[in-house]
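Observations on the three-dimensional arrangement
Here is what each chain is made of, one letter per residue.
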Amino acid sequence: MYKLKLSGLMHTMRGKLTIYLMLSVLFVTTVIAGISSMRISHMVTENRGVMLGELANHMANQLNKDMQSRGNEVQMLTQLSDIKSPFTTNQEKLAIFEQLRKSYPYYAWIGMTDASGNILVGTDGLLVGKNVSKRSWFIHGSKGLHMGSVHDAFLLANIMPKPKWDDLPLRLVDVSAPILDENGQLLGVICGHLGWDWAFEMREELLRSDTLKNVDILVTKSDGSLLMGTAELPSASINLSSLNSFQNALQRQQGLAEERWANGVEYLSAARYLTTPENEMLQWGVVARESVRSVITPAYSILVNSIVILVLMMLLLWLLVWKIVSRSTRALEDLTKVADRIRHGDEKADISPYATNDSEVGMLSSSIGQLVDSLQQEVRAKTELANELQLMARIYEESPQGVMITDSQKNILSVNDAFTTVTGYEREDVLGKSPSLLNSNRHSSEFYRGMWSCILNEGRWQGEIWNRNKSGEVYPEWLVVSTLKNKQNEVTHYIGIFSDISEKIENEKQLEFLANHDVLTQLPNRRLLQDYINQALDSNETQAGLIFLDLDFFKAINDSLGHIVGDELLRQVAEALNNQFKSPNLVARFGGDEFVIFMPQVQTKNELESAVQQVAELFQAPYLVGDYTLQIGATMGVSVYPVDGSDAQSLIQAADTAMYDVKKNHLNSYQFYNDSMRQAAIKKLYFENDLKNALINQELFLVYQPQIDLKTQNLVGFETLLRWTHPQRGVVSPSEFVPVLEKMGLIEEVGLWVVREALNQFTTWSAAYQLEGVSISINLSAIQLRSPKFIEDIEAIIQSSQVDSQSIVFEVTESMMVEDNFRNNKVFESIQNMGCRLSLDDYGTGYSNLYYLDRLNLSELKIDRQFILNIDVNESDRLIVHHTIQMAQSLGLHVVIEGIETQVQLEKLAEYSNLIIQGYYFDKPLNQAELMQRLEARKRIQHWPQKS
């Protein structure tokens, strides 16, 4: 029976389509599954290989970085004067080594020998007195920095505990360096033995993630011998030199391969071999591996799940195809039967359910041809008309705008849903009535006569109008009224379309408020304040007063407690001020923590003083902000109209000047603007004008102060200094005019002129006086560093001058390193990339932050003159200078001592080597002519001449 059904099915269109479609889907699915399997396996392997490479690279870099740090530590120890000094006891030296081991506990032992290899000092007292002259770490360490690879320590293994991680008793890594005296003679060797356990712990930390539980990291020598193994592959148990990944790493620093290891298992292996100076000594390689089976297991899981999903989808698709094909072909089969009935004259046969354009309806098309066509055209036309009418009705009803239609007599015929929503009137409330029921009585009769005149004459009117809703509320709307006319040009209907614009008007009011008020405090802002003051002064015939106040301690509160607390504090202060000074007075937020109180009607100065006292009383009690009790104060400046100004800008400026004068001189909490401030402002204006003229008249010039090597008395450099001689003022101190240049925005232009002039002059002197080994120092301003073209301009000037960039030293201050730290560090890095050097000026007067000495790769450190003035009598100054010199020279920095003026000061520094001296003892800052005379004398006597 089933065979008969299947045989019959195969002869139907339904059966054939179903079978062909399913076979096509099966073929495509199989191909997609195969391709996906290969791609997934490849992608997983590729991604895992990248991850293994990153692990190996990270392990190799971390090993190298740690060994580099240990080398730096040992070298730093060899430079310490306490280590070199024969007067330092062995116990004191031992304390230094114990402190280092305490800071880095992986040192198994650290100590020092004499020049013959006898151990003088060792941590825990171990090995003291033994001779190690034949040990490789002593032989190589006496010649320079030496790092020895992993080796067994049988002697120490008997007296030290077994390592926590290392799978062998005790293995060590050696780091040694020579101790040399000032003449380069060997005094001894410092050696640190690092426990190899440190590398195992590093690996354990690196593989802590659950996703890396099947990954092994191995460390080898360049010959393939295993230095750090695993539980399954112990250290020293195998040689990895035969691995392709390891060989590739030796040749190209990295390698990746799928390869079979000695245990017969296929692994995905990634190897790294660094070519750093440290690894040239250590010759370590790192291999990260994971079994291929472990790598591709996720891919197989994905593939199996995908196949299961595809099988289920095929079953569902088969059912869907069967349903679709059955529905489509059954209609065709039935349609054929109906068409045959029509052909035989069956008038009751209904063809409409089977109407289609497929080929199987051909018999029907030939039977009823023109009849069907004409019927379809008629039905189509009526359907389109009905759809159009339905669409218009929907637009009318669902329009968001209210619509009202009246007849020519202005009787309401129809309204839509939006009309009832806006006005509150239901249809039955308004049908047959006049639109005048919406009249708000806000408009005059002339307004309505003009509106209807426009409608009747032009056929259209639009504008803003106020109407009243059913509840009696008045609201604004935008109304458009149009007319409908018949063929005789007679008005038959009026159509009104309107929108409620209450929200739009409210938004406009809000925007106007925001444009004129401070968002945080809701007080008038600077713009509204100035408009209000100017309008008040235009009609003012008496005095007016203005108080400019700045909150004390607000910045500290804002920085420490955050902006949320700071904003709430500002709101409370604004509310207190606004409650105290009512209209016609105006309280405004000027910006930040600054407020302005304008009083347009002031009779006497006493009224203003009383107002200032009222403000001060507002800050006597603390403000409660959340859980904080905050005590703040206010500094105020007061100006009076018309004495101190005739408009808003001049009054505000005068009060602001008075306020800042209070802050500057730490006077009372307030001050009135006075003649002395006016004169100071005028004096400042004249000073700025003179400075502008100085640039035009080329009154600025450069002087150069020599820098002398303390030991050889030879010239090693100049510091370039800017000077100004005014025709009337005489010599003006740079401390006076340089800050003004910065405020006027002229320091960038002047700074580039200084660099250009100094380098061109240095080029001339170098050619005439053989200044090999002599540098020229130029000071930089913090503002110069903010220019985006600073580096580009400096580089162009250096190339144009043809000065060797290594002869150029740019001096910066500690504050420049702290302010805008990221950007300035980028600028410093660019300066050093050009080959120029950086000097830290005035060290000790600012932050004295060791962080910047470590991070910024400085070449020179200048000790400020204030520590030199009393060095012969002040022990604190002497100690500061002593330790600063030792620290700087240990870091490899040149040290310049500023302000040397006497022989006594010079003698106090005689015990130090490699010092550079700058000060009036040798020479004051010299102009070009004076310096050329000194250079001529130097040329004759081959050293810097004594000051005459």
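Residues numbered from 1 in each chain as written. Predicted model: local features only at pLDDT ≥ 70, side-chain atom pairs only at ≥ 80, totals over all residues. Heavy atoms only, no water.

1. Some thoughts on the overall build of the protein chain
Counting secondary structure elements, the protein chain contains 31 helices and 31 strands. Sequence-distant contacts, at least 24 apart, represent 59% of the contacts inside the protein chain between residues at least 6 apart. (Helix = DSSP H or I, 4+ residues; strand = E, 2+ residues; numbered from the N terminus. Contact = heavy atoms within 4.5 Å.)

2. A word on the side chain of lysine 862
Positionally, lysine 862 belongs in strand β29 (residues 860–863). In terms of polar contacts, lysine 862 uses its side chain to reach the side chain of glutamate 719, at 3.0 Å. In this structure lysine 862 touches Gln707, Glu719, Glu811, Ser839, Leu840, Asp841, Asp842, Tyr843, Val896, Glu898 and Gln918, once residues within four positions along its chain are discounted. (Polar contact = N/O pair within 3.5 Å; in protein donor to acceptor, adjacent residues only side chain to side chain.)

3. Some thoughts on unusual backbone geometry
Following serine 583, the chain continues into proline 584 via a peptide bond in cis, with omega recorded as 10 degrees. Relative to the helices and strands, proline 584 resides in the loop between α18 (563–580) and β17 (586–591). Look at the link from tyrosine 641 to proline 642: it is a cis peptide, with omega at 5 degrees. Position of proline 642 among the secondary structure elements: in the loop between β21 (633–641) and α20 (648–665).

4. Side note on the environment of glycine 125
Position of glycine 125 among the secondary structure elements: in the loop between β2 (119–122) and α5 (136–141). A relative accessible area of 46% means that glycine 125 is categorised as partly exposed. Separated by 16 residues in the primary sequence, glycine 125 and tryptophan 109 have C-alpha atoms spaced 9.5 Å apart. (Buried < 20%, exposed > 50% of the residue type's maximum accessible area, 1.4 Å probe, protein only.)

5. Thoughts on the packing of helix α16 (residues 526–538) against α20
Running from N to C, α16 and α20 point in directions that differ by 115 degrees, and their axes come no closer than 9 Å. Considered as vectors, α16 and α20 are oriented roughly perpendicular to each other. Here Leu529, Gln530, Ile533, Asn534 and Leu537 of α16 lie close against α20, whose contacting residues are Ala648, Leu651 and Ile652. Grouping the constituent residues of the contact of α16 with α20 by class yields 6 nonpolar, 2 polar and no charged. (Axes fitted to C-alpha atoms, helices over the stretch in contact; angles between N-to-C directions. Parallel < 35°, antiparallel > 145°, perpendicular 65-115°, else oblique. Nonpolar A, V, L, I, M, F, W, Y, C, P; charged D, E, K, R; others polar.)

6. Remarks on the nonpolar core
Counting residues in hydrophobic clusters, the biggest one holds 76 residues, and the most contacted among them are Phe718, Phe810, Ile897 and Leu909. Per element, the largest residue contribution to this core is 10 residues, and it comes from helix α23 (residues 747–769). In contact with isoleucine 897, other than residues within four places in its own chain, are Ile863, Ile868, Ile885, Leu909, Leu915, Ile916, Ile917 and Gln918. Counting residues in hydrophobic clusters, the runner-up holds 50 residues, among them Met51, Met112, Val121 and Val173. (Core = buried A, V, L, I, M, F, W, Y, C linked by side-chain atoms within 4.5 Å.)

7. Side note on helix α19 (residues 605–617)
Taking 1.5 Å of rise per residue, the 13 residues of α19 would be expected to cover 18 Å, and the 19 Å separating its terminal C-alpha atoms lies within 8% of that figure. Listed as buried for α19 are Leu608, Ala611, Val612 and Val615. On an axial view of α19, the arc spanned by its buried residues comes to 100 degrees, and they lie on one face. Of the exposed residues in α19, the ones pointing more than 90 degrees away from its buried face are Asn606 and Glu617. Considering only its buried residues, α19 is in contact with β16 (543–552), α18, β18 (594–602), β21 and β22 (670–672). (Expected span 1.5 Å × (residues − 1). Arc of directions from axis to C-beta.)

8. As for the pattern of salt bridges
Evaluated as defined, the whole model comprises 23 salt bridges. Close ionic contact of arginine 427 with aspartate 417 constitutes a salt bridge, the shortest N to O distance being 3.1 Å. Note that arginine 427 is positioned in helix α13 (residues 427–430) and aspartate 417 in helix α12 (residues 417–423), a separation of 10 residues in sequence. A salt bridge links glutamate 901 to arginine 865; the shortest N-O distance between them is 3.0 Å. Here arginine 865 lies in the loop between β29 and α29 (875–890) and glutamate 901 lies in the loop between β30 (894–898) and α30 (903–908), a separation of 36 residues in the sequence. For arginine 865, a relative accessible area of 35% gives the class partly exposed. Beyond isolated ion pairs, a larger network of salt bridges with shared partners links Glu719, Glu811, Lys862 and Glu898. (Salt bridge = Lys/Arg side-chain N within 4 Å of Asp/Glu carboxyl O.)

9. Considerations on empty space enclosed by the protein
Applying the stated criterion across every chain, the model contains 1 cavity of 30 Å³ or more. The wall of the largest cavity is formed by Ala60, Leu63, Asn64, Arg272, Tyr273, Leu274, Asn279, Leu282, Trp284 and Val286. When contributions to the lining of the largest cavity are tallied by element, the ones reaching two or more residues are α2 (13–79), α9 (277–282) and β10 (284–291). Ranked by residue count, the leading element in the lining of the largest cavity is α2, at 3 residues. Across the lining of the largest cavity, the residue classes tally to 7 nonpolar, 2 polar and 1 charged. (1 Å grid on protein atoms, 1.4 Å probe; cavity = no way out; pocket = protein on both sides within 12 Å on 5 of 7 lines; lining within 4 Å. Points joined across faces, edges and corners; volume = space filled by probe spheres on them.)

10. Concerning the side chain of serine 149
Residue placement: serine 149 occurs in strand β3 (residues 146–152). There is a polar contact of 2.8 Å between the side chain of serine 149 and the side chain of tryptophan 284.

11. Observations concerning the packing of aromatic side chains
Centre distance and the angle of the planes are the two values used to describe a pair of aromatic rings. Summed over all chains, the structure comprises 19 aromatic pairs. Between tyrosine 104 and tyrosine 107, the aromatic rings sit 5.7 Å apart at their centres with planes inclined by 75 degrees, giving edge-to-face as the arrangement. Here tyrosine 104 and tyrosine 107 have matching classes, each one buried. Pairing phenylalanine 548 with phenylalanine 590 gives two aromatic rings, centres 5.2 Å apart and planes at 65 degrees, and the pair type is edge-to-face. Of this pair, phenylalanine 548 sits in strand β16 while phenylalanine 590 is found in strand β17, placing the two residues 42 residues apart along the sequence. Linked through ring pairs, Tyr104, Tyr106 and Tyr107 together constitute an aromatic cluster. (Phe/Tyr/Trp six-rings, centres within 6.5 Å; stacked < 30°, edge-to-face > 60°.)

12. A word on the sheet that holds β16
Pairing in this open sheet of 5 strands is mixed, and the strands run β17-β18-β16-β21-β22 from one edge to the other. The outermost strands of the open sheet, each flanked by one partner alone, are β17 and β22. Along the sheet, successive strands turn relative to each other by an average axial angle of 20 degrees, direction set aside. Sheet strands in contact with α18 are β16, β17 and β18, and its direction is about 5 degrees off that of β18. Sitting on the sheet, α19 touches β16, β18, β21 and β22, and the angle it makes with β21 is about 160 degrees. (Pairing = 2+ DSSP bridges.)

13. Side note on the environment of aspartate 567
The topology assignment puts aspartate 567 in helix α18. What makes aspartate 567 partly exposed here is its relative accessible area of 29%. As a C-alpha pair, aspartate 567 and glycine 592 span 25 residues in sequence and 9.9 Å in three-dimensional space.

14. Regarding the sheet that holds strand β7 (residues 226–228)
Judged by pairing direction, the sheet is antiparallel, and its 5 strands sit side by side in the order β7-β6-β10-β9-β8 without closing on themselves. Looking at strand neighbours, the two that pair on one side only are β7 and β8 (254–260), the edges of this open sheet. Taking the axes of each pair of neighbouring strands and ignoring which way they run, one obtains an average angle of 30 degrees across the sheet. By the bridge criterion, 6 bridges tie strand β6 (residues 216–221) to β10 in an arrangement that is antiparallel. Residue pairing across strands places isoleucine 217 opposite alanine 288, the latter belonging to β10.

15. Let's talk about the confidence of the model for the protein chain
With 86% of its residues at a pLDDT of 70 or more, the protein chain shows a mean pLDDT of 84. Contacts from residues 359–366, a stretch scored under 50 in pLDDT, to residues over four places away or in other chains number 15 contacts. Segment residues 368–372 is flagged for pLDDT under 50; beyond a separation of four residues in sequence, or across chains, it makes 3 contacts in the model. (pLDDT = per-residue confidence, 0-100.)

16. Looking at the packing of α23 against helix α31 (residues 928–941)
In a packed pair of helices, the relevant descriptors are the angle between the two axes and the axis-to-axis distance. Contact pair α23 / α31: the axes reach a minimum separation of 11 Å and the direction vectors enclose 25 degrees. In terms of orientation, α23 and α31 fall into the roughly parallel class. Along this stretch, α23 crosses α31, giving a crossing that reads as right-handed. Contacts between α23 and α31 pair Glu757, Gln761, Trp765, Ala768 and Tyr769 from the former with Gln928, Leu931, Met932, Leu935, Glu936, Arg938 and Lys939 from the latter. (Left-handed = near helix turned anticlockwise from the far one by under 90°.)

17. Topic: a nonpolar patch on the surface
Judged by side-chain polarity, Val304, Ile307, Val308, Val311, Leu312 and Leu315 come together as a nonpolar surface patch covering roughly 520 Å² of accessible area. By the secondary structure assignment, valine 308 is in helix α10 (residues 292–343). (Patch = residues over 30% accessible without salt bridge, like charges linked within 9 Å, V, L, I, M, F, W, Y side chains within 5 Å. Areas by Shrake-Rupley, 256 points an atom, 1.4 Å probe, with all protein chains shown as cover.)

18. Remarks on the pairing of β21
Counting buried positions over the 9 residues of β21 gives 9, a clear majority of the element. Of the two faces of β21, the one holding Gly633, Thr635, Gly637, Ser639 and Tyr641 and the one holding Ala634, Met636, Val638 and Val640 are both buried throughout. Note: β21 against β22, 3 bridges, orientation parallel. For valine 638, the partnering residue across the bridge sits in β22 and is phenylalanine 672.

19. Structural notes on the pairing of strand β5 (residues 186–195)
Along any regular strand the residues' side chains alternate between the sheet's two faces. Across the 10 residues of β5, 8 count as buried, placing the element largely inside the fold. Looking at chain direction, strand β4 (residues 171–180) and β5 are connected through 9 bridges and run antiparallel. Pairing of valine 173 across the sheet is with leucine 194, part of β5. In sequence, β4 turns back onto β5 through a hairpin of 5 residues, with glycine 184 there showing a positive phi of about 85 degrees.

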